[in-house]
Amino acid sequence: MIDVGANIGVYTLYALALHRPTISVECYKPNIERIVRASQIENVSEHLTLIGNAIYNRSGEFFKLSKDDINVGGQGLTVNGTMQKASSMADQFTVSTIRFDDLL
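This is a predicted model, so every value here is computed, not measured.

Trainee: Outline the packing of helix α1 (residues 10-17) against helix α2 (residues 29-41), listing residues and values.
Mentor: For the pair α1 and α2, interaxial distance at closest approach is 11 Å and the crossing angle is 20 degrees. Between α1 and α2, the interaxial angle falls into the category roughly parallel. Considering how the two elements wind past one another, α1 and α2 form a crossing that is right-handed. Residues Thr12, Leu13 and Leu16 of α1 lie in contact with α2, whose contacting residues are Ile35, Ala38 and Ser39. Among the residues making up the contact of α1 with α2, the classes are represented as four nonpolar, two polar and no charged.

This is the structure we're talking about:
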């Protein structure tokens, strides 16, 4: 199972509970920590491959996450319709991008 934009890992944890190999793609660091901890508590982490990047049309870009009230998930990469480039990976709201091809 591949869970792209895993958020807090609802689908990821369901697949892990069934002991299925699962690839989970999530870019928000606190959510990554939640998924890792939940998989450890349930003792299913050996089935998990967790990728801490955002999916985008180019690899290696850095962007700042923003809170958007329209986005139900709560995070997005757009700010006033444009991408906001980040200058460093110092904070939890800065994400690095990969392409779907990179998952291969």
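Don't stop here, the text continues.
Trainee: Lay out a nonpolar patch on the surface in plain terms, naming residues and giving numbers.
Mentor: Taken together, the side chains of Met1, Ile8, Val10 and Tyr11 present a nonpolar region at the surface, about 430 Å² in accessible area. Note on Tyr11: relative accessible area 60%, which makes it exposed.

Trainee: I'd like to hear about the packing of aromatic side chains, residue by residue, with values.
Mentor: The final tally for this structure, using the stated rule, is one aromatic pair. Arranged with centres 5.1 Å apart and planes meeting at 70 degrees, the rings of Tyr56 and Phe63 form a pair that is edge-to-face. On the basis of relative accessible area, Tyr56 is assigned to the partly exposed category, the value being 22%.

Trainee: Give me the lowdown on the sheet that holds strand β2 (residues 22-25), citing residues and values where you can.
Mentor: Across the sheet, three strands lie side by side as β1-β2-β3; this open sheet has parallel pairing. Of all the strands in the sheet, the pair left with one neighbour each is β1 (2-4) and β3 (48-51). In this sheet, adjacent strand axes meet at a mean angle of 15 degrees when their direction is disregarded. Inspection of the sheet shows β1 paired to β2 by three bridges, in the parallel sense. Residue pairing in the sheet places Asp3 in a bridge with Ser24 of β2. Here α1 sits on the sheet in contact with β1, β2 and β3, set at roughly 165 degrees to β2.

What counts and how
- Residues numbered from 1 in each chain as written.
- Predicted model: local features only at pLDDT ≥ 70, side-chain atom pairs only at ≥ 80, totals over all residues.
- Heavy atoms only, no water.
- Axes fitted to C-alpha atoms, helices over the stretch in contact; angles between N-to-C directions.
- Helix = DSSP H or I, 4+ residues; strand = E, 2+ residues; numbered from the N terminus.
- Parallel < 35°, antiparallel > 145°, perpendicular 65-115°, else oblique.
- Left-handed = near helix turned anticlockwise from the far one by under 90°.
- Contact = heavy atoms within 4.5 Å.
- Nonpolar A, V, L, I, M, F, W, Y, C, P; charged D, E, K, R; others polar.
- Patch = residues over 30% accessible without salt bridge, like charges linked within 9 Å, V, L, I, M, F, W, Y side chains within 5 Å.
- Areas by Shrake-Rupley, 256 points an atom, 1.4 Å probe, with all protein chains shown as cover.
- Salt bridge = Lys/Arg side-chain N within 4 Å of Asp/Glu carboxyl O.
- Buried < 20%, exposed > 50% of the residue type's maximum accessible area, 1.4 Å probe, protein only.
- Phe/Tyr/Trp six-rings, centres within 6.5 Å; stacked < 30°, edge-to-face > 60°.
- Pairing = 2+ DSSP bridges.

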